[in-house]
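Residue-level structural notes
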Amino acid sequence: MDMWVWVAIAVVAVLIIVAAIAGAMRQQQSRRTVQLQKGFGPEYDRAVDKYGDRSKAETALRGRKERVSKLQLRSLSASARAHFLDSWNQTQAHFVDEPAEAIADAKSLVDEAMQARGYPVGDFDQKAEDISVEHPYVVDNYRSARKIAMANERGEASTEELRQGMVHYRALFTELLNAAGADAVPSTGDQPRQSRTGRSDRDREARRAARR
């Protein structure tokens, strides 16, 4: 066989090998993409929109997962969970009389629950990214609630907006506590007006002091 035939065979073989490697890499990348899409849900699309590039978005999302995997996240004890649920119910009842204070207390309760679960205290964007790894379907509730809470601090939030903010905070709060939905954390407005206990007043004062 002429030399050029052997060269042609060798070139074809190399091309086949390169094509096979490229195909395997594409399949692997495709699997990673599917895993991230399934794991992050709507947060995946949000990241792509934010970075304007699928590869950069996926790198960022993998970075979130790696960072959170190093946190010592823990479940709440039965007593801690009961305490948080009681505090939420008191805060929610307080909404009837003082919606502006109630939304601020709800924000503090969510922060406290995050800390109790082992999430680090940091800037909001960092906390939202951390939350998105384990709770991708409620992280947008967290972002929306924060916008309303900030508007409340400026005195620019209506009562209806504050009510919606409570609903948003409740969505994340319920997941943080591993609660089983509305039966565990009643939605705003479901409870009749209740008297305030000394303990709930002390809890609210402590949270207000912490915010200062």
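Located above this text is the structure these notes cover.
In short, a report on the structure. (Residues numbered from 1 in each chain as written. Predicted model: local features only at pLDDT ≥ 70, side-chain atom pairs only at ≥ 80, totals over all residues. Heavy atoms only, no water.)

With respect to the packing of helix α4 (residues 78–94) against helix α8 (residues 159–176)
- Contact pair α4 / α8: the axes reach a minimum separation of 13 Å and the direction vectors enclose 175°. Here α4 lies roughly antiparallel to α8, going by the angle between them. Facing α4, whose interface residues are F84, W88, T91 and Q92, α8 presents M166, Y169, R170 and F173.
- Its residues assigned to classes, the contact of α4 with α8 shows 5 nonpolar, 2 polar and 1 charged. (Axes fitted to C-alpha atoms, helices over the stretch in contact; angles between N-to-C directions. Helix = DSSP H or I, 4+ residues; strand = E, 2+ residues; numbered from the N terminus. Parallel < 35°, antiparallel > 145°, perpendicular 65-115°, else oblique. Contact = heavy atoms within 4.5 Å. Nonpolar A, V, L, I, M, F, W, Y, C, P; charged D, E, K, R; others polar.)

What to know about the packing of helix α7 (residues 139–153) against α8
- Interaxial distance between α7 and α8 falls to 8 Å at its minimum, and their mutual angle equals 145°. The element α7 and its partner α8 pack so that their crossing is left-handed. Residues N141, Y142, S144, A145, R146, I148, A149 and N152 of α7 pack against E161, L162, Q164, G165, H168, Y169, A171 and L172 of α8. (Left-handed = near helix turned anticlockwise from the far one by under 90°.)

Remarks on the pattern of salt bridges
- Across all of its chains, the model carries 13 salt bridges by this definition.
- We note a salt bridge from R62 to E58, for which the minimum N-O separation is 4.0 Å. With a gap of 4 residues between them, R62 and E58 both fall in helix α3 (residues 54–69), about one helical turn apart.
- Judged by its relative accessible area of 2%, E58 is buried.
- Of the charged contacts, one joins D111 and K127 as a salt bridge, the two residues approaching to 3.2 Å between their closest N and O atoms. Taken together, the residues span a long stretch of sequence, with D111 in helix α5 (residues 99–117) and K127 in helix α6 (residues 124–134) at a distance of 16 residues. The same class applies to D111 as to K127, namely buried. (Salt bridge = Lys/Arg side-chain N within 4 Å of Asp/Glu carboxyl O. Buried < 20%, exposed > 50% of the residue type's maximum accessible area, 1.4 Å probe, protein only.)

Section: the environment of F95
- Relative to the helices and strands, F95 is located in the loop between α4 and α5.
- The sequence separation of F95 and T159 amounts to 64 residues, and the corresponding C-alpha distance is 9.6 Å.

Details of the nonpolar core
- By size, the foremost hydrophobic cluster in this structure holds 29 residues, and its most contacted members are V110, Y142, Y169, F173, L176 and L177.
- Every element with two or more residues in this core is listed here: α4, α5, α6, α7 and α8.
- With 7 residues, the single largest contributor to this core is α5.
- Counting residues in hydrophobic clusters, the runner-up holds 9 residues, among them L36, Y44, V48 and L61. (Core = buried A, V, L, I, M, F, W, Y, C linked by side-chain atoms within 4.5 Å.)

Comments concerning α8
- Taking 1.5 Å of rise per residue, 18 residues should cover 26 Å, and α8 covers 26 Å from first to last C-alpha, within 8% of that figure.
- Taken residue by residue, α8 has L162, G165, M166, H168, Y169, R170, L172, F173, T174 and L176 as its buried positions.
- Taken from the residues just after α8, N178 is the one with a positive phi, measuring 55°. (Expected span 1.5 Å × (residues − 1).)

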